[in-house]
Amino acid sequence: MQEEPVLIVKNLSAVFPNGNGGLQALDQISFSVFPQEFVCVLGPSGSGKSTLLRILAGLLLPTGGKVIYQGSELDEPRRDIGFVFQKANLMPWRTVIQNIMLPLELDNISPADAERYAREMVKLVGLCGFEETLPRDLSGGMAQRVAIARALVHDPQLLLLDEPFGALDALTRERMGMELLRIWQARRKTVVMVTHSISEALLLADRVLVLTPRPGRIRLDFPVNLPRPRDEEIRYTPEFTELTRVLRGAIG
Amino acid sequence: MGVMKFSMKQIDQNNILINRAVNSYRPAIFLAIISLTIAAFLWWLISRLGNFPSFILPSPMDVWHRFVLSITDGSLLRNSLVTLQEIVLGLTLGVSVATILGYFLAKSHTFEKIISPYIVASQSVPIVAIAPILIIWFGPGIFSKILICSLTVFFPVLVNTVVGLRSVPEELQDLMRSLKSTRWQTISKLEIPGALPVFLGGLRVGATLSVIGAVVGEFVGSDKGLGFLINLGRGQYDTALVFVSVFTLILIAMSLYGIVVILEKRLLSWQQSSKDTILEHQ
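Thresholds, definitions, all that
- The numbers attached to residues start from 1 for each chain and follow its sequence in the written order.
- To read the labels, note that chains go from A and ligands from 1, taken in the order they are written.
- Confidence filtering applies because this is a predicted model: local features only for residues at pLDDT of at least 70, side-chain atom pairs given and counted only at 80 or more, and all residues used for totals across whole chains, interfaces and linings.
- The secondary structure listing takes helices from DSSP runs of H or I that are at least 4 residues long and strands from runs of E that are at least 2 residues long, numbered from the N terminus.
- For a compact globule the rule gives 2.2 Å times the number of residues to the power 0.38, and the radius of gyration it is set against comes from C-alpha atoms.
- Residue burial is a threshold on neighbouring C-beta atoms within 10 Å of the residue's own C-beta, all placed from the backbone, with 20 or more meaning buried, 12 or fewer meaning exposed, and counts in between meaning partly exposed.
- A pair of residues counts as a contact when their C-beta atoms, built from backbone coordinates, are separated by no more than 7 Å.
- Following the grouping adopted for this structure description, the nonpolar residues are Ala, Val, Leu, Ile, Met, Phe, Trp, Tyr, Cys and Pro, the charged ones are Asp, Glu, Lys and Arg, and the polar ones are all others, Gly among them.
- To get an axis, a line is fitted to the C-alpha atoms, and for a helix only the part in contact is used. The angle between two axes follows their N-to-C directions and goes from 0 to 180 degrees.
- The labels follow the angle: roughly parallel below 35 degrees, roughly antiparallel above 145, roughly perpendicular from 65 to 115, and oblique for the rest.
- Residue-level confidence of the predictor is summarised by pLDDT, bounded by 0 at the bottom and 100 at the top.
- By the convention used here, strands pair only if DSSP detects at least 2 bridges between them.
- Buried Ala, Val, Leu, Ile, Met, Phe, Trp, Tyr and Cys residues whose C-beta atoms connect them within 7 Å together make up a nonpolar core.
- Take the residue count of a helix, subtract one, and multiply by 1.5 Å to get its expected span.
- Take the seven residues that end at a residue and the seven that start at it, fit an axis to each, and the angle between those axes is the bend at that residue.
- It is the rotation of the near helix from the far one that decides the hand of a crossing: anticlockwise by less than a right angle makes it left-handed, clockwise makes it right-handed.

## Observations regarding the overall build of chain A
Item 1. Looking only at helices and strands, chain A features 7 helices and 10 strands.
Item 2. For 252 residues, the compact-globule estimate of 2.2 N^0.38 gives 18 Å, and chain A sits close to it at 18 Å.
Item 3. Its C-alpha atoms put chain A at 50 × 45 × 40 Å along the principal axes.
Item 4. Looking at chain A as a whole, 41% of its 252 residues are labelled buried.
Item 5. Relative to all contacts within chain A whose residues are 6 or more apart in sequence, the contacts with residues 24 or more apart total 70%.

Right under this line is the structure:
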């Protein structure tokens with residue numbers, strides 16, 4: 001790609017204070033993400049994936065190196081970055097539509113407009129008819145759809161997903177992977193997603209970064225040259241199996 | 001420190017109890033009427049069979065006549081209004097100070113460490129012991145009663161404000177931060193609604209205690225209010241008047257309690273409902 005990268009990560013390190021010298025979560029990580037690219041960060045637990053994503057969101061400051069987002073250094077959260085957490089993280093006192101409207105409210109967008117945008121998002125994530133439902137009455141998959149809608153409603157440039165389907169059961173997880181693929185194909189955002197599922201990464205990503213366990217370093221920066229648009233069938237092709245084998249080997 | 005160690009389990013417990021309180025009390029009212037009637041009948045029976053003099057145990061009829069008398073001479077209403085005024089102002093003052101202080105305690109661990117020893121110490125001294133000092137300092141008028149009342153309200157509201165605010169999930173704080181919310185947006189859209197269930201639990205306790213606070217103040221030194229009326233009745237062996245005053249106090253306390261319960265029902269309708277009685281969580 002010839003375009004300017006949206007995100008440049010330079011020599012990023014993160015150390016957590018921890019008595020004897022500290023716990024090194026990330027060590028000298030560098031990579032770039034280009035517009036409309038879908039990047040998956042893959043690694044075993046404890047490889048600092050979530051730490052990396054929290055730094056990219058501006059929620060955490062790195063102890064070394066820097067993140068350059070759209071030409072300027074990122075040192076605090078930004079409204080044009082959407083974040084989806086491991087848990088759906090909905091406000092239990094707000095209905096589905098009110099939860100989705102939250103980012104717009106914080107931007108002081110008029111309630112009428114906010115509701116219109118939120119209803120569009122409800123349609124996009126396939127939750128029509130559940131607008132007035134409270135989170136306690138939603139299944140895990142539905143709640144995570146709301147979370148995705150909420151992260152997209154204010155039309156961020158960059159979407160960060162922190163193991164968004166990690167808390168779901170295997171079948172729901174697979175279905176949500178397909179859903180996310182569909183949503184992304186409809187709204188081409190730049191995405192960085194953390195996951196520990198190889199098939200999820202291959203299904204969705206243009207590029208996969210494989211991290212080593214503690215401290216997290218980039219072991220492999222791997223382009224996924226599977227044709228787009230992709231669908232469920234791609235899981236059963238020999239190319240997919242071959243790539244799975246390569247990634248599996250890289251994770252170790 | 002000491003005050004602030006409350007587990008999530010306790011908070012959950014608290015929430016469950018609030019949920020239970022909010023629901024299904026319409027049949028409870030019907031049952032309450034039946035039980036009150038039975039209690040009044042038993043009371044009448046005991047006073048009748050025991051043949052007690054009226055200044056030891058007045059019969060329900062004696063109390064009723066005393067009630068009618070104190071209504072017609074205006075003394076009950078006049079004194080009730082004084083007590084009610086003390087309660088409302090004391091509650092307002094106590095809840096406001098406790099909520100604001102509680103917010104800063106919940107937010108700053110350093111502040112909490114500086115302040116909480118004093119708060120714990122103040123709680124170990126019974127209010128009856130402080131009341132005379134406050135009356136010496138601030139006079140026998142209404143102001144000292146408001147202070148005493150607000151002091152009794154203060155602690156449960158403070159503790160529940162702190163616990164309520166700390167029960168707001170860290171992840172939701174992160175969400176608000178990732179959306180770059182302002183301080184005020186975080187307070188109004190996350191912290192207030194998030195802390196509300198536990199806070200209202202504290203308010204419910206505080207509302208009932210406020211009645212005690214006002215009466216303690218009046219006991220120690222005053223020439224009006226329901227506490228004064230009780231003192232008066234006791235001094236004159238007018239036990240029926242004591243009963244009338246006590247029942248009025250109970251009525252005030254239950255009304256305040258009911259107001260908070262209605263408030264909870266309104267504000268916490270998003271919480272899971274289950275069936276239970278009003279009083280269970282006391």
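Resuming the write-up.
## Topic: the overall build of chain B
Item 1. When helices and strands are tallied, chain B shows 11 helices and 0 strands.
Item 2. Taken from the N to the C terminus, the helices and strands of chain B come in the order α-α-α-α-α-α-α-α-α-α-α.
Item 3. Looking at chain B as a whole, 38% of its 282 residues qualify as buried.
Item 4. Relative to all contacts within chain B whose residues are 6 or more apart in sequence, the contacts with residues 24 or more apart total 80%.

## A word on the environment of leucine 211 of chain A
All names here are of chain A.
Item 1. Here leucine 211 lies in strand β9 (residues 207-211).
Item 2. On the basis of neighbour counts, which here come to 26 C-beta atoms within 10 Å, the residue leucine 211 falls in the buried class.
Item 3. Sequence spacing of leucine 211 and aspartate 221 is 10 residues, and the spatial spacing of their C-alpha atoms is 9.2 Å.
Item 4. Look past the residues within four positions of leucine 211 in its chain and what remains in contact with it is Val41, Gly43, Ser47, Gly48, Lys49, Gly216, Arg217, Ile218 and Arg219.

## Let's talk about the interface of chain B and chain A
Item 1. The interface of chain B with chain A comprises 13 residues on the first partner and 16 residues on the second.
Item 2. Elements supplying a minimum of two residues to the side of chain B that touches chain A: α8 (170-178) and α9 (183-220) of chain B.
Item 3. Ranked by the residues each element gives to the side of chain B that touches chain A, the list is headed by α8 of chain B, at 6 residues.
Item 4. In the side of chain B that touches chain A, the residues fall into 5 nonpolar, 4 polar and 4 charged.

## Examining the packing of α9 of chain B against helix α11 (residues 239-267) of chain B
All names here are of chain B.
Item 1. At a minimum axis distance of 10 Å, the contact between α9 and α11 shows a crossing angle of 170°. Classified by the angle between their axes, α9 and α11 sit roughly antiparallel to one another. Contacts between α9 and α11 involve Leu196, Leu200, Leu203, Arg204, Ala207, Thr208, Val211 and Val215 from the former and Leu249, Ile252, Ala253, Leu256, Tyr257, Val260, Leu263, Glu264 and Leu267 from the latter.
Item 2. Tallied by class, the residues present in the contact of α9 with α11 amount to 14 nonpolar, 1 polar and 2 charged.

## Concerning the confidence of the model for chain B
Residue and element names in this part refer to chain B.
Item 1. Looking at chain B as a whole, the pLDDT averages 86, with 87% of positions reaching at least 70.
Item 2. When the elements of chain B are averaged for pLDDT, helix α1 (residues 8-22) gives the smallest value, 49, and helix α4 (residues 75-107) the largest, 95.
Item 3. A low-confidence stretch, residues 1-13 (pLDDT under 50), is modelled with 18 contacts involving residues beyond four sequence positions or located in other chains.
Item 4. Confidence drops under a pLDDT of 50 for residues 274-282, and excluding neighbours within four residues, the segment shows 19 contacts in the predicted structure.

## Re unusual backbone geometry
Glycine aside, negative phi is the norm for most residues, and most peptide bonds take the trans geometry.
Residue and element names in this part refer to chain A.
Item 1. Residue arginine 228 is joined to proline 229 through a cis peptide bond whose omega torsion reads -10°.
Item 2. Here proline 229 lies in the loop between β10 (218-223) and α7 (238-251).
Item 3. One non-glycine residue with positive phi stands out, namely asparagine 108, at about 60°.
Item 4. Locating asparagine 108 in the fold gives a position in the loop between α2 (96-106) and α3 (111-124).
Item 5. The class of asparagine 108 is exposed, set by 8 C-beta atoms lying within 10 Å.

## Quick notes on the sheet that holds β9 of chain A
All names here are of chain A.
Item 1. The 6 strands are arranged β6-β7-β8-β3-β9-β10 in an open sheet whose pairing can be described as mixed. Each edge of the open sheet is held by one strand with a lone partner, namely β6 (81-84) and β10. Each adjacent strand pair in this sheet contributes to an overall mean axis angle of 15°, direction not counted.
Item 2. Where strand β3 (residues 38-42) and strand β8 (residues 190-195) come together, 5 bridges link them in parallel fashion. Across the sheet, valine 39 pairs through a bridge with valine 192, a residue of β8.

## Re the nonpolar core
Item 1. Core analysis: the biggest nonpolar cluster contains 132 residues, and Ile100 and Leu160 of chain A have the highest contact counts within it.
Item 2. With 15 residues, the top contributor of residues to this core is helix α7 (residues 142-166) of chain B.
Item 3. Apart from the residues within four sequence positions on either side, leucine 160 of chain A is in contact with Leu53, Leu56, Ala57, Ile81, Gly82, Phe83 and Val192 of chain A.

## Digging into α9 of chain B
Item 1. Counted at 1.5 Å a residue, the expected span for α9 of chain B with its 38 residues is 56 Å, but the 44 Å between its end C-alpha atoms falls short.
Item 2. For α9 of chain B, the principal kink sits at leucine 196 of chain B and spans about 55°; a proline, proline 197 of chain B, occurs within the next four residues.

## A closer look at helix α10 (residues 226-235) of chain B
All names here are of chain B.
Item 1. Of all the residues in α10, the buried ones are Leu226, Gly227, Leu229, Ile230, Asn231 and Gly233.
Item 2. Against α4, α9 and α11 lie the buried residues of α10.
Item 3. Positive backbone phi, approximately 55°, marks tyrosine 237, located one or two places after α10.

## A look at the sheet that holds strand β5 (residues 72-73) of chain A
All names here are of chain A.
Item 1. Overall, antiparallel pairing links the 4 strands, which are arranged β2-β1-β4-β5 in an open sheet. Both outer strands of the open sheet, β2 (23-33) and β5, are each paired with one neighbouring strand and no more.
Item 2. In the sheet, strand β1 (residues 7-16) pairs with strand β4 (residues 64-69) via 5 bridges, with the strands oriented antiparallel. If you follow isoleucine 8 over to β4, its bridge partner there is isoleucine 68.

## Considerations on the environment of aspartate 221 of chain A
Item 1. When you line up the elements, aspartate 221 of chain A lands in strand β10.
Item 2. Leaving out residues up to four positions away in the same chain, aspartate 221 of chain A has contacts with Phe31, Arg207 and Leu209 of chain A.

## Notes on the pairing of β6 of chain A
Residue and element names in this part refer to chain A.
Item 1. The two faces of β6 match: Ile81 and Phe83 on one face and Gly82 and Val84 on the other face are all buried.
Item 2. Where β6 and strand β7 (residues 158-162) come together, 4 bridges link them in parallel fashion. Counted as the bridge partner of phenylalanine 83 is leucine 160 from β7.

## What about the packing of helix α6 (residues 127-138) of chain B against α9 of chain B?
All names here are of chain B.
Item 1. The interhelical angle for the contact between α6 and α9, taken along N-to-C directions, is 55°, at an axis separation of 9 Å. Looking at the two axes, α6 sits oblique to α9. Where α6 crosses over α9, the handedness of that crossing is right-handed. Contacts between α6 and α9 pair Ile127, Val128, Ala131, Pro132 and Ile135 from the former with Gly213, Val216, Gly217 and Val220 from the latter.
Item 2. Of the residues assigned to the contact of α6 with α9, the class counts are 7 nonpolar, 2 polar and no charged.

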